[in-house]
Amino acid sequence: MPRLIKPFVFLAALSPFLWLVFRALTDRLTVNPIEDITLTTGIWALRMLVISLAITPLRRLSGWNRVIPYRRTFGLFAFFYAALHLATYFLDQGFGLEFIVADVLKRRFITVGMLAFVLMVPLAITSTKGWIRRLGKRWVTLHRLVYISGVLAVVHYLWKVKISAGPPVYYAVIVGVLLGLRVFWALRKRSRKAPSAA
Amino acid sequence: MLIRKPDGIRSSEITDERHYVRRREFIKVVGGAAVALGASPFLGATGPATQSPIPNYKPKAITVNEKLNTFEEITSYNNFYEFGTGKEDPQRHAGRLTTSPWVVKVDGLCGKPADYHLEDLIKPHQLEERIYRLRCVEAWSMVVPWIGIPLAAVIKRAEPTSKATFVEFTTLHRPSEMFGQKQPALVWPYVEGLRMDEANHPLAILAVGLYGKTLMNQNGAPVRLVVPWKYGFKSIKSIVRIRFVDRMPKTAWNVSNPGEYGFYSNVNPAVDHPRWTQARERRIGEGGLFGQRRATLMFNGYGDQVASLYAGMDLKKLY
C-alpha cells in the first residue's frame with residue numbers, strides 16, 4: 001500500500017497539467033486560451049506551494065512523519081507550475097524582451113511574482129539528496145526562502161486581481177496561518193529556553 | 001408595431017403556458033394598455049435564457065473593416081460580476097435571470113420622466129446594426145455586431161432640463177437571480193455614467209440584440225449601453241434606470257478603485273493601467289496561442305468621431 005501512495009501523489013499533482021493539456025488539445029480552453037493557461041498554471045503553482053508549506057505543520061500537529069517526503073514533491077510541482085506560468089507570460093508578451101523588462105520593473109505585481117519564482121530556483125536545484133548532504137544544516141536555512149516565496153506569491157495574486165475579495169484573500173489567510181504557526185512555535189521554543197537562562 | 005411575428009413560427013418559439021400566465025399577471029400590474037399582446041421578442045416569448053430573432057433592423061448601419069468575433073466567442077467570455085468574477089461564469093449562471101417583464105425608469109432632471117416597459121422604450125426608434133470594436137480594460141478586444149437604437153433618441157424623448165449635465169445608468173439589483181451581488185466584489189447595484197455630450201454622441205447606443213437576435217443574458221439582456229470608444233466596463237448591462245443628474249455619477253469601478261478606473265475611461269494606448277500596459281491588446285480569436293497582440297488605437301479607433309468631445313482636456317489626468 002505505501003508503495004502505491006507515492007505514484008498516486010505524483011499523478012494527483014500532475015493531473016491539473018494533464019487536464020490542461022487535454023483541454024488544449026480538445027478545444028476546451030476559453031476563447032482567450034493564453035489567459036486561460038496563465039491563470040490555470042498560476043493558481044496551481046500557488047496551490048502546490050500552499051500544500052508544501054502545510055506539510056511541516058501537518059506533521060507537527062498529527063505526528064505523522066510519513067508525510068515529510070511529499071514536502072519536496074509538492075515543492076517541485078509548485079516550481080513546475082510556476083515555470084509554466086512564467087513561460088506562458090513570456091509567450092503572451094511574444095517573447096519581446098523590451099516589453100517584459102519594462103513590465104517587470106514597472107508593475108509591482110509582476111515584480112513580486114518574478115521574485116517569488118527566482119527564489120524558488122535555488123530550492124529546486126538543491127532539492128536532490130546530494131545537495132541536501134553537501135549543504136548539511138545550511139540546507140535548512142536556505143530552504144526557508146520558500147516562506148518568502150509563499151508570501152510573495154500571495155501578494156502577487158492579491159495585487160493582480162481587480163478586487164480584493166474572494167480567493168486571493170483566502171489564500172493570503174491560509175499562507176498567513178501556515179507561516180504564523182511556525183513563528184508561534186519558534187517563539188514558544190525560545191521562551192521555554194529563556195527561563196533557564198535567566 | 002415595430003416588431004412583427006416572423007412568418008414561420010417554430011414550435012420552440014411558441015410561448016408556453018407559464019409565460020402566458022406570468023404575462024397576464026404583469027399586464028394586470030402595469031395596467032395592461034401599455035403591453036401589446038402580440039408575440040414580441042422583448043416579452044421573453046421563449047423564456048429568459050433563449051433568444052428571439054429581431055426583424056426590421058437596418059443591417060450594418062455602422063461597421064468596421066475587421067473580422068467579426070463569433071457568436072460563441074462573444075457569449076462565452078464575459079465580464080459580468082453579477083454572475084461571478086470568472087470569464088465563463090456569466091454564460092454558466094446568467095440563464096436564470098428573468099428579463100421579462102422589464103421596466104426601465106427614466107427620471108431625474110427631465111421634463112418627461114416615465115417608467116417604460118422595454119418595448120415601449122425601443123418601439124418608436126429604428127433598430128440598427130452597429131458593428132463595433134469592443135476593448136476591455138483588461139487588454140483584450142472583440143468585434144461585435146450589436147443591434148440597438150441611438151441613446152440620443154431616448155434622451156431626446158425624456159426632454160432633459162438644462163441643469164442635466166450627466167446621465168447615470170443603473171443595473172438591475174436582484175441578488176436572488178444575480179448571485180454575484182451577494183458578494184461584496186463591487187458596490188451593488190452597478191452604476192455607470194456619461195457626460196451629457198458623450199451620451200448624446202451618435203455612436204452611443206442602447207443595444208437590445210446581437211447577431212440578429214435579442215441579447216443573451218450574459219451580454220447584458222435585455223438592454224445595455226454600448227459606448228465603443230470607452231473601455232468595456234463603461235457599457236453597463238441589464239439597465240433598469242436612466243437618470244439625468246447635475247453631477248458626475250459615482251460609477252462602480254471608480255468607487256471600487258479610483259486610482260485605476262477613472263470616470264471617463266476612454267480607450268487610450270498612452271495611459272497605462274497601473275498593472276498592465278494599454279498600448280497593446282489581444283484580439284480574441286486572432287492567431288491562437290502564438291498570436292501577437294495588436295496595437296490599441298486611441299479612442300479604440302473612433303477618434304475621428306469622438307476626439308472633439310475631449311478637446312482641451314488632459315486625458316492623462318482625466319483617464
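Heads up: the structure comes first, above all this text.
What comes next concerns the included structure. The model shown is predicted, which means the values in this text are computed figures rather than measured ones.

Looking at the overall build of chain A
- Scanning chain A for helices and strands turns up 9 helices and 0 strands.
- The N-to-C order of helical and strand elements in chain A reads α-α-α-α-α-α-α-α-α.
- Reported as C-alpha extents along the three principal axes, the dimensions of chain A are approximately 65 × 45 × 35 Å.
- Here chain A, with 198 residues, has 26% of them falling under the buried criterion.
- The contacts in chain A between residues at least 6 apart in sequence include a share of 64% that link residues at least 24 apart.

Describing the overall build of chain B
- Of the regular secondary structure elements, chain B holds 8 helices and 13 strands.
- Expressed as a percentage of the 319 residues in chain B, the buried residues total 45%.
- Sequence-distant contacts in chain B: of pairs separated by 6 or more residues, those separated by 24 or more amount to 72%.

A word on the interface of chain B and chain A
- Each side of the interface is counted separately: chain B has 21 residues, and chain A has 11 residues.
- Its residues placed into classes, the side of chain B that touches chain A shows 8 nonpolar, 7 polar and 6 charged.

What to know about helix α3 (residues 69-92) of chain A
Residue and element names in this part refer to chain A.
- Taking 1.5 Å as the rise per residue, α3 with 24 residues should run 34 Å; its terminal C-alpha atoms sit 35 Å apart, in good agreement.
- The complete set of buried residues in α3 reads Arg71, Phe74, Gly75, Phe77, Ala78, Phe79, Tyr81, Ala82, His85, Thr88, Tyr89 and Asp92.
- Here the buried face of α3 lies against α1 (2-25), α2 (33-62), α5 (108-125) and α8 (145-160).
- Directly beyond the C-terminal end of α3, a positive phi value near 60° is found at glycine 94.

Describing the pairing of strand β2 (residues 103-108) of chain B
All names here are of chain B.
- Across the two faces of β2 the burial differs, with Val104, Val106 and Gly108 buried and Val103, Lys105 and Asp107 not buried at all.
- Inspection of the sheet shows β2 paired to strand β3 (residues 114-117) by 4 bridges, in the antiparallel sense. Its bridge partner lying in β3, lysine 105 is registered against aspartate 115.
- The hairpin formed by β2 and β3 contains 5 residues between the paired strands.
- Of the strand pairs in this sheet, β2 and strand β11 (residues 239-245) are connected by 4 bridges, and their pairing is parallel. By the bridge assignment for β11, glycine 108 is matched with phenylalanine 244.

So, the packing of α5 of chain A against α8 of chain A
Residues and elements named next belong to chain A.
- At a minimum axis separation of 8 Å, α5 and α8 run at an interaxial angle of 155°. Looking at the two axes, α5 sits roughly antiparallel to α8. In terms of crossing hand, the pair formed by α5 and α8 is left-handed. Where α5 approaches α8, its residues Arg108, Phe109, Val112, Gly113, Leu115, Ala116, Leu119, Met120 and Leu123 are matched on the opposing element by Leu145, Val146, Ile148, Ser149, Leu152, Ala153, Val155, His156, Trp159 and Lys160.
- Partitioning the contact of α5 with α8 into residue classes produces 14 nonpolar, 3 polar and 2 charged.

What counts and how
Residues numbered from 1 in each chain as written. Chains lettered and ligands numbered in written order. Predicted model: local features only at pLDDT ≥ 70, side-chain atom pairs only at ≥ 80, totals over all residues. Helix = DSSP H or I, 4+ residues; strand = E, 2+ residues; numbered from the N terminus. Buried ≥ 20, exposed ≤ 12 C-beta atoms within 10 Å, placed from the backbone. Contact = placed C-beta atoms within 7 Å. Nonpolar A, V, L, I, M, F, W, Y, C, P; charged D, E, K, R; others polar. Expected span 1.5 Å × (residues − 1). Pairing = 2+ DSSP bridges. Axes fitted to C-alpha atoms, helices over the stretch in contact; angles between N-to-C directions. Parallel < 35°, antiparallel > 145°, perpendicular 65-115°, else oblique. Left-handed = near helix turned anticlockwise from the far one by under 90°.

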